[in-house]
Amino acid sequence: MTTATRRVAPAPENTTGLRFPQGFTWGTATAAYQIEGAAAEDGRTPSIWDTYSRTPGKVRNGDTGDVATDHYHRWREDVAIMADLGVSAYRFSLSWPRVQPTGRGPAVEKGLDFYRALTDALLEKGIEPVVTLYHWDLPQELEDAGGWPERVTTDRFADYATLAARALGDRVKTWTTLNEPWCSAFLGYGSGVHAPGRTDPVAALRAAHHLNLAHGKAVQALRAELPSRARASITLNIHHVRALTEAAEDVDAARRIDALANRVFTGPLLEGRYPQDLLDDTAGLTDWSFVRDGDTATIHQPLDFLGVNYYTPTLVSAATDEASHGSDGHGNSEHSPWPGADKVAFHRPEGSTTAMGWAVDPSGLYDLLIRLKADFPAMPLMITENGAAFDDYVNPAGEVADPERIAYLRGHLEAVQRAIVAGVDVRGYFLWSLLDNFEWGYGYSKRFGAVYVDYPTGKRIPKASARWYADVARTGTLPAGGADNG
């Protein structure tokens, strides 16, 4: 990918309804640890997130995913909700320790049976299952053996991919290897605000490479087991990095963060090499000798599409005084998730924000899609996550009105449609998230769902945004601009 400071003219305002292409995928998404619960049932053993969330001080209010939204027991209800919403696809992740508890050896059939039954129910409702193999729940035994900084974990992941493909390959056409490996590597092993909570910049870089390598091996494993019609992908939270000013030092700060946030993955995945400026920027930390001959060829597997997760842009400058990595939007830590970028400062963009403190800026998504088209013109794209957390509540009428979320979704869907008109090959959109859920280090304090969950009872209440999104998905048309209350 090229330097991230390219500016794109804003799209014009929407004054009429906008239609999406025929066959556009309308979906919603979740992740296993955030919704399933049943943490110790049917052979499941702890993942790194079980361990991390049970460590005092790591997760707000001491929350864990032990119960989450109890999807493991209430999945039939959740499938029925999706059917009512009229979505055409559901992106969910398998729990690695539910399928293969120690990260080695045979699968546990009860764990696979859960996913078989879920997948069958989706297909019966006309909802395409889209499976993500890894959404951050590494079996704890593999972390105890070194985790993602160790090369052997890549082989364990390939074995797990084979087990999953053999069990579900007759039902599932679309597979994603990893969700947001940047978070796994740099938040998990760099800043420590995600599991496993380690704070070693070199381990973070090693983890990034081994996640890339695990992806490549998993794609090979999937293609060896699946029919030719199956599709393989990876999902990246590609940061749309903007420089605070056009000053050379700020532009260079954006370049540096772009390398660590984006090109550390897109380079080997899509171009077959790591970018030289990334290697130069981090040379004081490592010589990258953990990259062996043949690794980048293994990583550089043909993909059917690239999954793109977007929530907010990233605004940076050169640090003006002491080193600064605060306000990067990923959680507070004394340790940086940006190895070799100690002299970069992060800034909060102006304008409205979500409950996460993230700027609401659909232009960032539009610009990002235009950039991806320019950098990788032959690669189809899928928006695999987009959404927002707000302070939702049930009103006296028993309803959840969330006009802020509707406005957020409208703006970002408009950005997607405008990008399609501009020639970007975007195949679909997955709303994050189906349900309010365990929001990682924030516990249950942040609500991203289209469906409100009363955690003490598990009751589900579709929000106004769910009804609004259902109308868009059913018609394939984004209504003309203006206030919407669902």
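Calculation criteria
Counting from 1, residues in each chain are numbered in the order their sequence is written. The predicted nature of this model means local features are confined to residues of pLDDT at least 70 and side-chain atom pairs, given and counted, to a pLDDT of 80 or more, with totals for whole chains, interfaces and linings taken over all residues. Values reported for side chains reflect all heavy atoms of the structure, with hydrogen atoms and water molecules removed beforehand. UniProt positions are given in the numbering used here, feature names are shortened, and annotations may be inferred rather than shown by experiment. Secondary structure elements are taken from DSSP: a helix is a run of H or I of four residues or more, a strand is a run of E of two residues or more, and numbering for both begins at the N terminus. As defined in this context, the radius of gyration uses C-alpha atoms, and a globule is described by 2.2 Å times the residue total to the power 0.38. For the exposure calls, accessible area comes from a 1.4 Å probe over protein chains only, and a residue counts as buried if that area is under 20% of its type's maximum, exposed if over 50%, partly exposed in between. Note on contacts: a residue pair is in contact if any heavy atoms of the two residues lie within 4.5 Å. For accessible areas, the Shrake-Rupley method is used with a probe of radius 1.4 Å. Any residue's cover is judged against the shown protein chains and nothing else. Strand pairing is defined by DSSP finding a minimum of two bridges between the two strands. To get an axis, a line is fitted to the C-alpha atoms, and for a helix only the part in contact is used. The angle between two axes follows their N-to-C directions and goes from 0 to 180 degrees. Pairs of N or O atoms are called polar contacts if they sit within 3.5 Å, as long as, within protein, a hydrogen donor faces a hydrogen acceptor (for residues adjacent in sequence, only side-chain-to-side-chain pairs). Given a helix with a known number of residues, its expected span is that number minus one, times 1.5 Å. At every residue, the bend is computed as the angle between two fitted axes, covering the seven residues ending there and the seven beginning there respectively. Stacked, tilted and edge-to-face are the three classes assigned to paired rings of Phe, Tyr and Trp, where Trp is represented by its six-membered ring and a pair needs centres within 6.5 Å; plane angles under 30 degrees give stacked, over 60 edge-to-face, the rest tilted. By the definition adopted for this analysis, an angle is roughly parallel if under 35 degrees, roughly antiparallel if over 145, roughly perpendicular if from 65 to 115, and oblique otherwise. Should the near helix be turned anticlockwise from the far one by less than a right angle, the crossing is left-handed, and should it be turned clockwise, the crossing is right-handed. To define a nonpolar core, start from buried Ala, Val, Leu, Ile, Met, Phe, Trp, Tyr and Cys residues and group those joined through side-chain atoms within 4.5 Å.

Within an unreviewed UniProt entry, the label attached to the protein reads Beta-glucosidase, and the organism entered is Streptomyces fructofermentans. In its Sequence similarities (unreviewed entry) section, UniProt records this for the protein: "Belongs to the glycosyl hydrolase 1 family." Listed under Catalytic activity (unreviewed entry) in UniProt, the entry text for the protein is "Hydrolysis of terminal, non-reducing beta-D-glucosyl residues with release of beta-D-glucose."

**Q** Which parts of the structure should I look at to understand the overall build of the protein?
**A** If you tally the helices and strands in the protein, you get 15 helices and 15 strands. Computed over C-alpha atoms, the radius of gyration of the protein comes to 21 Å, within 12% of the 23 Å expected from 2.2 N^0.38 for 486 residues, which places it in the range of a compact globule. Summarising its shape, the C-alpha atoms of the protein cover approximately 60 × 55 × 45 Å along the three principal directions. The burial tally for the protein puts 61% of its 486 residues in the buried class. A fraction of 78% describes how many contacts in the protein between residues 6 or more apart in sequence connect residues 24 or more apart. With an accessible surface of roughly 17700 Å², the protein has 49% of that area assigned to carbon and sulfur atoms.

**Q** For this particular structure, what's the right way to read the sheet that holds strand β2 (residues 25-29)?
**A** Strands in a sheet are paired, the pairing made by backbone hydrogen bonds, and the direction either parallel or antiparallel. Taken in spatial order, the eight strands close into a barrel running β2-β3-β4-β5-β6-β8-β11-β12, and their pairing is parallel. Strand-to-strand twist in this sheet, taken as the mean axis angle between neighbours without regard to direction, amounts to 25°. The sheet contact formed by strand β8 (residues 305-309) and strand β11 (residues 381-386) spans four bridges and is parallel. Each residue of the ladder has a partner; that of Val-308, found in β11, is Ile-383.

**Q** Please explain the side chain of Thr-119 as it appears in this structure.
**A** With respect to the element layout, Thr-119 can be found in helix α5 (residues 109-124). Look at Thr-119 and you get buried, because its relative accessible area is 0%. Side-chain polar atoms of Thr-119 contact the backbone oxygen of Tyr-115, separated by 2.7 Å. Look past the residues within four positions of Thr-119 in its chain and what remains in contact with it is Phe-92, Pro-129, Leu-168, Arg-171 and Val-172.

**Q** Would you mind going over helix α10 (residues 248-271) with me for this structure?
**A** The periodicity of an α-helix, 3.6 residues per turn, causes residues three or four positions apart to be oriented the same way. Under the 1.5 Å per step criterion, the end-to-end length of α10 is only 27 Å for 24 residues, more than 12% shorter than the ideal 34 Å. Of all the bends found along α10, the most pronounced is centred on Asn-262 and spans about 55°. With 18 of its 24 residues buried, α10 lies for the most part within the structure. Looking one or two residues past α10, Gly-272 carries a phi angle of roughly 80°, positive in sign.

**Q** What should I look at first to understand the UniProt feature "active site" (unreviewed entry) in the protein in this one?
**A** Those places that UniProt annotates as "active site" (unreviewed entry) correspond, in this numbering, to Glu-180 and Glu-385. These annotated residues cover 206 residues of sequence, but their C-alpha atoms sit close together, with the largest distance between any two at 10.3 Å. Residue placement: Glu-180 occurs in the loop between β5 (174-179) and α8 (181-191). Judged by its relative accessible area of 6%, Glu-180 falls in the buried class. Mapped onto the elements, Glu-385 comes out in strand β11. Filtering out sequence-adjacent residues up to four positions away, Glu-385 remains in contact with Arg-91, His-135, Asn-179, Glu-180, Val-308, Asn-309, Tyr-310, Tyr-311, Phe-430 and Trp-432.

**Q** Please clarify how unusual backbone geometry should be interpreted in this entry.
**A** Most peptide bonds take the trans configuration, and most residues that are not glycine carry a negative phi. Cis geometry is found at the peptide bond from Ala-195 to Pro-196, where omega equals 10°. Positionally, Pro-196 belongs in the loop between α8 and α9 (201-225). Note that the residue after Trp-432, namely Ser-433, is joined by a cis bond; omega there is 5°. Here Ser-433 is to be found in the loop between β12 (426-432) and β13 (451-454). Positive phi is not limited to glycine here, since Asp-70 has a value of about 60°. Notably, Trp-440 is not glycine yet its phi reads approximately 50°, a positive angle. With respect to the helices and strands, the residue Trp-440 is situated in the loop between β12 and β13.

**Q** Explain helix α14 (residues 403-421) here, please?
**A** Along its 19 residues, α14 runs 27 Å from first to last C-alpha, staying within 8% of the 27 Å computed at 1.5 Å per residue. With respect to burial, α14 is a largely interior element, 15 of its 19 residues being buried.

**Q** Just to check I follow, could you spell out the packing of aromatic side chains for this structure?
**A** Pairs of aromatic rings are described using the distance from one ring centre to the other and the angle between the two planes. For the structure on display, the rule yields 35 aromatic pairs. Both rings, one in Trp-49 and one in Phe-438, keep their centres 6.1 Å apart while their planes meet at 80°; by these two values the pair is edge-to-face. Placement of Trp-49 in helix α2 (residues 48-53) and of Phe-438 in the loop between β12 and β13 is noted, with a sequence separation of 389 residues between them. Judged by centre distance (4.7 Å) and plane angle (45°), the ring pair of Trp-136 and Trp-440 falls under tilted.

**Q** Can you walk me through the packing of helix α7 (residues 152-168) against α9 in this structure?
**A** Relative to each other, α7 and α9 sit at 30°, their axes nearing to 8 Å. In terms of axis orientation, α7 runs roughly parallel to α9. α7 and α9 meet at a crossing whose hand is right-handed. Taking contact as the criterion, the partners of Thr-154, Asp-155, Phe-157, Ala-158, Ala-161, Thr-162, Ala-165 and Arg-166 in α7 are, on α9, His-210, Leu-213, Ala-214, Lys-217, Ala-218, Ala-221, Leu-222 and Glu-225.

**Q** For this particular structure, what's the right way to read the nonpolar core?
**A** Grouped burial of nonpolar side chains is what soluble globular proteins tend to show. Counting 154 residues, the largest nonpolar core has Trp-49, Leu-94, Trp-148, Phe-157 and Val-416 as its most contacted members. Per-element accounting of this core gives the leading share, 12 residues, to α9.

**Q** Looking at this structure, I do not really get the environment of Asp-78. What am I missing?
**A** For Asp-78, the position within the fold is in helix α3 (residues 71-85). Sequence separation between Asp-78 and Val-451 is 373 residues; the distance between their C-alpha atoms is 9.6 Å. Ignoring sequence-local partners within four residues, the contact set of Asp-78 consists of His-71, Leu-434, Leu-435 and Arg-460.

**Q** I tried to follow the environment of Thr-28 on my own but got confused; where do I start?
**A** Relative to the assigned elements, Thr-28 resides in strand β2. Owing to a relative accessible area of 2%, Thr-28 belongs among the buried residues under this scheme. Separated by 395 residues in sequence, Thr-28 and Gly-423 have C-alpha atoms that sit 24 Å apart. Aside from chain neighbours lying at most four places away, what touches Thr-28 is Met-82, Ala-89, Tyr-90, Arg-91, Phe-430, Leu-431, Ser-433 and Leu-434.

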